[in-house]
Amino acid sequence: NDDNQKEKAVHKCPPLLWKVDHPPNSHVALDSFLLMDGALHLHQHKKEKSSTASSSSYDYDTPTNVYIHGYQSWSFSGSVVQGEVQPKSAMPNVLSAAFNRGGMVLSGDEAQSSDNFDGDHWSENMEPQINGDVVGDIEDEELNESTAFYKSDMFTCISSNGATSSYDDERILLDEEGGPALIIGFLSQRQQYGAVLMDKELRHFSLYACHEGVVAKRSVTSDWAYCQILDSSSYDEEAMVYYVHATGDHNDARPMEKGLTCGWCSWYHYYSDIDHDSLSKNAHVLEKSKSSIGFNLCLIDDGYMTAWGDWTSLKPGKFVKDGGMRVLADVIRSKGMTPGVWLAPFACDKSSKLAKDHPDWIIRNDFGRYANSANCGKFFYGLDATNPAVRKHV
């Protein structure tokens, strides 16, 4: 049957797994090291005869898509048509470095310059350059942050549907088209961040383990690297299926007892500007999309409370006066979804009631002053988890 045929096909193209050990040397600081640098050599193959075949009897296995895996939820993740500029993150550029950089791969000169840590490298109109010239297909040198056209964190999938395409086409060209594919990346990021860099033509790729300047006082080991070339007959719909299962097994992932969670979060469109009416309207739209997308979760994100730390408060005038969040939760449940709420239980704003009532709960620095426990763009206090009262409160 088809399942047995595909199982045999996978056995013909098993993944390559390897890791790299760097010996101890207290005089060496590791930024990143290269685990694989390669070129995709495309070949011509004969088409199978069919009633719909074109007059040409040959076709080319040309990369048509690349799946980009973002560093975290602010970062872009998705399939991009070859030649299309990688979409920038949703995070404003001034705050993007800490949120979206992930694994950094710098050249020797770049590693000495702090200028590379400002702004968003993968911006909307960015095209990588060398000496002022736009980079296209780079064959003779290792790729880095300045010379790569695409960057994917942890792993990527370069795929082909067997035809040359353009991102201007109206067709949807995704990995499920069933062409040959290359999957490369890491099974985990326990030891370091991983990054895959690619050129514009998707013909050249480099896989890096990014250790961010760690001094090799002890032996430094990379995570397990993974590389697999799949024939078009060896998978159904998604070329990354074997990589995903391998990653799950390696990290002891547990099956989801209640099935897949598919939800919507208010943050990435509204940020903190939310209220009862806007969230209720979105719950109604999500309900209408359930047949095609299957939403079962609606998450109310940051913006409902008066201050970080005062999680049971609500902004005046934004929510129903009598019932507040419970009324909104009931609306979401009536649409067949589970309501969720975001909070950061170990954080509080300077102006919060919590900070004023319990100053002894706040982490202090070595000088005895309140410490900034924030991420970039926002100052807030952190609660001392070693304090039993804090743990009881949380």
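Please refer to the structure higher up on the page.
Computed from a prediction, not measured in an experiment: that's the story for all the values here.

Engineer: Would you take a moment to explain helix α4 (residues 241-250) for this structure?
Structural biologist: Helical periodicity: at 3.6 residues per turn, an α-helix aligns residues three or four positions apart in one direction. Those residues of α4 lying buried are Tyr 243, Thr 247 and Gly 248. For α4, the angular spread of the buried residues around the axis is 135°, confining them to a single face. Turned more than 90 degrees away from the buried face of α4 sit His 245 and Asp 249, all of them exposed. Here the buried face of α4 lies against β11 (155-159), β12 (181-186) and β16 (225-230).

Engineer: Please explain the state of the cysteines as it appears in this structure.
Structural biologist: Put plainly, two cysteines are in a disulfide when a covalent bond ties their sulfur atoms together. Per the stated rule, a full pass over the model turns up zero disulfides. Left without a disulfide partner, Cys 265 is nearest to the cysteine sulfur of Cys 298, which lies 8.9 Å away.

Engineer: Could you clarify how one ought to interpret the pattern of salt bridges in this entry?
Structural biologist: Should the charged atoms of two oppositely charged side chains come close, the side chains can pair. Scanning the model with the defined rule gives four salt bridges in all. We note a salt bridge from Glu 287 to Lys 335, for which the minimum N-O separation is 3.7 Å. Pair noted here: Glu 287 is in helix α6 (residues 276-288) and Lys 335 is in the loop between α7 (325-334) and β19 (338-341), with a separation of 48 residues, a long-range link. We note a salt bridge from Lys 353 to Asp 357, for which the minimum N-O separation is 2.6 Å. Of this pair, Lys 353 and Asp 357 both sit in helix α8 (residues 353-357), four residues apart, which is roughly one turn of the helix. Overall, Asp 357 belongs to the partly exposed group, its relative accessible area being 42%.

Engineer: Looking at this model, I keep getting lost on the nonpolar core. Mind explaining?
Structural biologist: The nonpolar side chains of a soluble globular protein tend to be buried with one another. Grouped together as the largest cluster of nonpolar side chains are 24 residues, with contacts concentrated most on Leu 35, Val 66, Tyr 150, Met 198 and Leu 207. Elements that contribute at least two residues to this core include exactly β3 (25-39), β6 (65-68), β12, β13 (193-198), β14 (204-216) and β16. The residues contacting Leu 35, other than those within four sequence positions of it, are Trp 18, Val 20, Phe 186, Leu 207, Tyr 208, Ala 209, Ser 222 and Ala 225. In terms of nonpolar packing, the next biggest core, distinct from the first, is built from 19 residues, Leu 279, Trp 311, Phe 319 and Ala 347 among them.

Engineer: Would you explain α6 in this entry?
Structural biologist: The end-to-end C-alpha distance of α6, which contains 13 residues, comes to 19 Å, matching closely the 18 Å that a straight helix rising 1.5 Å per residue would cover. The set of residues buried in α6 consists of His 276, Ser 278, Leu 279, Ser 280, Asn 282, Ala 283 and Leu 286. Buried residues belonging to α6 abut β17 (263-265), α5 (267-270), β18 (297-300) and α7. Measuring from the backbone nitrogen of Asp 277 back to the side-chain oxygen at the start of α6 gives 3.3 Å, which picks out Asp 275 as the cap.

Engineer: Any chance you could explain the environment of Gly 303 here in plain terms?
Structural biologist: Positionally, Gly 303 belongs in the loop between β18 and α7. Gly 303 sits 36 residues away from Trp 267 along the chain, and the two C-alpha atoms are 8.6 Å apart. Apart from residues no more than four positions distant in its own chain, Gly 303 is found in contact with Ser 272, Ile 274 and Lys 315.

Engineer: Help me understand the packing of α6 against α7, please; the structure alone is not making it clear to me.
Structural biologist: Between two packed helices, what matters for the description is the angle formed by their axes and the separation of those axes. In the contact formed by α6 and α7, the axes pass within 9 Å of each other and the chain directions differ by 10°. In terms of orientation, α6 lies roughly parallel with respect to α7. On α7, the residues touching His 276, Leu 279, Ser 280, Ala 283 and Glu 287 of α6 are Val 327, Leu 328, Val 331, Ile 332 and Ser 334. Residues of the contact of α6 with α7, tallied by class, amount to six nonpolar, three polar and one charged.

Engineer: What is the right way to look at the environment of Tyr 150 in this model?
Structural biologist: Inspection of the secondary structure puts Tyr 150 in strand β10 (residues 150-153). The buried category is assigned to Tyr 150, whose relative accessible area is 0%. In the structure, Tyr 150 is positioned 52 residues away from Leu 202 in sequence and 8.6 Å away in space, judged by C-alpha atoms. A polar atom in the side chain of Tyr 150 sits 2.9 Å from the backbone nitrogen of Gly 83.

Engineer: Honestly, the pairing of β10 in this entry has me stumped. Any pointers?
Structural biologist: Side-chain positions along a regular strand alternate between the two faces of the sheet. Burial along β10 is two-sided: the residues Tyr 150 and Ser 152 and Lys 151 and Asp 153 are all buried. As paired elements, β10 and β13 share four bridges and run antiparallel to each other. Bridge pairing in β13 links Lys 151 to Leu 197.

Parameters and conventions
Residues numbered from 1 in each chain as written. Predicted model: local features only at pLDDT ≥ 70, side-chain atom pairs only at ≥ 80, totals over all residues. Heavy atoms only, no water. Buried < 20%, exposed > 50% of the residue type's maximum accessible area, 1.4 Å probe, protein only. Helix = DSSP H or I, 4+ residues; strand = E, 2+ residues; numbered from the N terminus. Arc of directions from axis to C-beta. Contact = heavy atoms within 4.5 Å. Disulfide = S-S within 2.5 Å. Salt bridge = Lys/Arg side-chain N within 4 Å of Asp/Glu carboxyl O. Core = buried A, V, L, I, M, F, W, Y, C linked by side-chain atoms within 4.5 Å. Expected span 1.5 Å × (residues − 1). Polar contact = N/O pair within 3.5 Å; in protein donor to acceptor, adjacent residues only side chain to side chain. Axes fitted to C-alpha atoms, helices over the stretch in contact; angles between N-to-C directions. Parallel < 35°, antiparallel > 145°, perpendicular 65-115°, else oblique. Nonpolar A, V, L, I, M, F, W, Y, C, P; charged D, E, K, R; others polar. Pairing = 2+ DSSP bridges.

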